[in-house]
Amino acid sequence: MSFLNLKSYRFPILCIVFFVGLTTALAQETRRQDTAEDELDLKALLAAIKQHDALLKSGEGEVVYTLGELPFNTDIHSNPDTIIITGTIAFNAENTRFDAEETPFHSQGKTTILTPSGRWEIVPHKNRKPNYAFNTEEQPQLINPFHDVDPRRWITLRHKNLATYLENKNFQITGREGFKGMLCYVLEAKDGDSTEKIWIAPEQGFRYLKHESQFPRPVDALDSEVPMEALWLVRTITSYQQYGEIWFPKAVFHESTWLDFKPKDPIISGQQLEIKHFKINHDIPPETFTVDIPDDAMIKVNREKQKLSKAEFLKRYGQQ
């Protein structure tokens, strides 16, 4: 190729190079603008959480709840402190029903129904009539594992409303980070020596995938094995399944342990919830949440020592 021909090609080549460079620069700028537009501030993020939470109206399915020391061991002879509760749960906006199955050595079969007016517990027996109890007083969670078999409790970190909790605790967005293949908003709150972080996934209905709390754990000053400055770590990891627009828990794992400290006899406790065969936002018959009281039933109410007959109960409390 002659020098003259080479000069004739130079201008088109320069134009192509310039065009490619300009296109690349514009594409990068567009991506930067799109990213900036996709970024949410705290107010918008909390609003998105509330919006998606409001989509959940009702649900029904099976749950398996495990509570005990880690690692879990379902052999009752080697780890008698492990508790396993299996059963079915149904809920709507006002009511919840949980039918716990009888499991050898682990849990007793029992039906629990929560309504706006109170809490029913019906315990069947093989050789005598069932026990009926009605309580208008909320029981402490420490002696009532029923609360944690409800997947909705884990969606909200055991609070009534996750967005309200994050706002009241003064959480702030610290950045975005990947977790389990999802790009999450990372929010953090600090209170003295305690820190709390949560990973929110927009791709999964603005549910949280991970939550961690670190705080000084009060210990016995005479226990030389545990230093007073030791930090206690509480972590919850949740995976979800999609039902239309709604992301509902599929599995929850919760653990409590020492951070960067391993005593000879570590105190490591955990909870695990598995959710199976769930239906979301379908019609649940109203009778699911009512109690058919036999005429000869005797009902224990709150802390009263004397049980009430069906007639006395209905006279005092009405049909529940």
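Notes on the structure follow. (Residues numbered from 1 in each chain as written. Predicted model: local features only at pLDDT ≥ 70, side-chain atom pairs only at ≥ 80, totals over all residues. Heavy atoms only, no water.)

## As for the pairing of strand β6 (residues 131-135)
- As paired strands, strand β5 (residues 118-123) and β6 are joined by 5 bridges and run antiparallel to one another. When the bridges of β6 are listed, Glu-121 appears paired with Ala-133.
- Examined bridge by bridge, β6 and strand β14 (residues 298-301) share 3 bridges and lie parallel to one another. Across the sheet, residue Ala-133 finds its bridge partner in β14, namely Lys-300. (Pairing = 2+ DSSP bridges. Helix = DSSP H or I, 4+ residues; strand = E, 2+ residues; numbered from the N terminus.)

## A look at unusual backbone geometry
- Positive phi, normally seen in glycine, also occurs at Phe-206, with a value near 55°.
- Following the sequence through the fold, Phe-206 ends up in the loop between β9 (194-201) and β10 (207-216).
- Of note in the backbone geometry, Asn-302 takes a positive phi value of approximately 50° without being a glycine.
- Assignment of secondary structure puts Asn-302 in the loop between β14 and β15 (308-309).

## Section: the pattern of salt bridges
- Applying the stated criterion to the full structure yields 13 salt bridges.
- Here Glu-39 and Arg-176 are joined by a salt bridge, their closest N and O atoms 3.5 Å apart. Note that Glu-39 is positioned in the loop between α1 (3-38) and α2 (42-53) and Arg-176 in strand β7 (residues 172-179), a separation of 137 residues in sequence.
- According to the relative accessible area criterion, Glu-39 is partly exposed, its value standing at 36%.
- The salt bridge involving Glu-304 is made with Arg-316; its shortest N-O contact spans 3.4 Å. Here Glu-304, found in the loop between β14 and β15, pairs with Arg-316, found in helix α5 (residues 310-317); they are 12 residues apart in sequence, far enough to count as distant. (Salt bridge = Lys/Arg side-chain N within 4 Å of Asp/Glu carboxyl O. Buried < 20%, exposed > 50% of the residue type's maximum accessible area, 1.4 Å probe, protein only.)

## Some details on α2
- Helix length check: α2, at 12 residues, gives a terminal C-alpha distance of 17 Å against a target of 16 Å (1.5 Å per residue), a fit within 8%.
- Among the residues of α2, Leu-45, Leu-46, Ala-48 and Ile-49 are the ones counted as buried. The buried residues of α2 occupy an angular sector of 155° when projected down its axis, which confines them to one face. Opposite its buried face, α2 presents the exposed residues Lys-43 and Gln-51, each directed more than 90 degrees away.
- Residues of α2 that are buried sit in contact with α4 (162-168), β7, β8 (182-191) and β9. (Expected span 1.5 Å × (residues − 1). Arc of directions from axis to C-beta. Contact = heavy atoms within 4.5 Å.)

## Things to note about the environment of Ile-284
- Here Ile-284 is to be found in the loop between β13 (269-280) and β14.
- Its relative accessible area of 12% is what places Ile-284 among the buried residues.
- Separated by 224 residues in the primary sequence, Ile-284 and Glu-60 place their C-alpha atoms 8.3 Å from one another.
- Excluding anything up to four places from it in sequence, Ile-284 contacts Ser-58, Gly-59, Glu-60, Ala-90, Phe-91 and Phe-289.

## Digging into the environment of Glu-101
- Within the secondary structure, Glu-101 sits in the loop between β3 (96-100) and β4 (110-115).
- Sequence separation of Glu-101 and Thr-88 is 13 residues, and the distance between their C-alpha atoms is 8.3 Å.

## Examining the pairing of strand β12 (residues 246-259)
- Summarising burial for β12: 10 of the 14 residues are buried, a large majority.
- The hairpin formed by strand β11 (residues 231-243) and β12 contains 2 residues between the paired strands, and Gly-244 there has a positive phi angle of roughly 65°.
- Judged from the 6 bridges that link them, β12 and β13 form a sheet pairing that is antiparallel. When the sheet's bridge partners are listed, Val-252 is paired in β13 with Leu-273.

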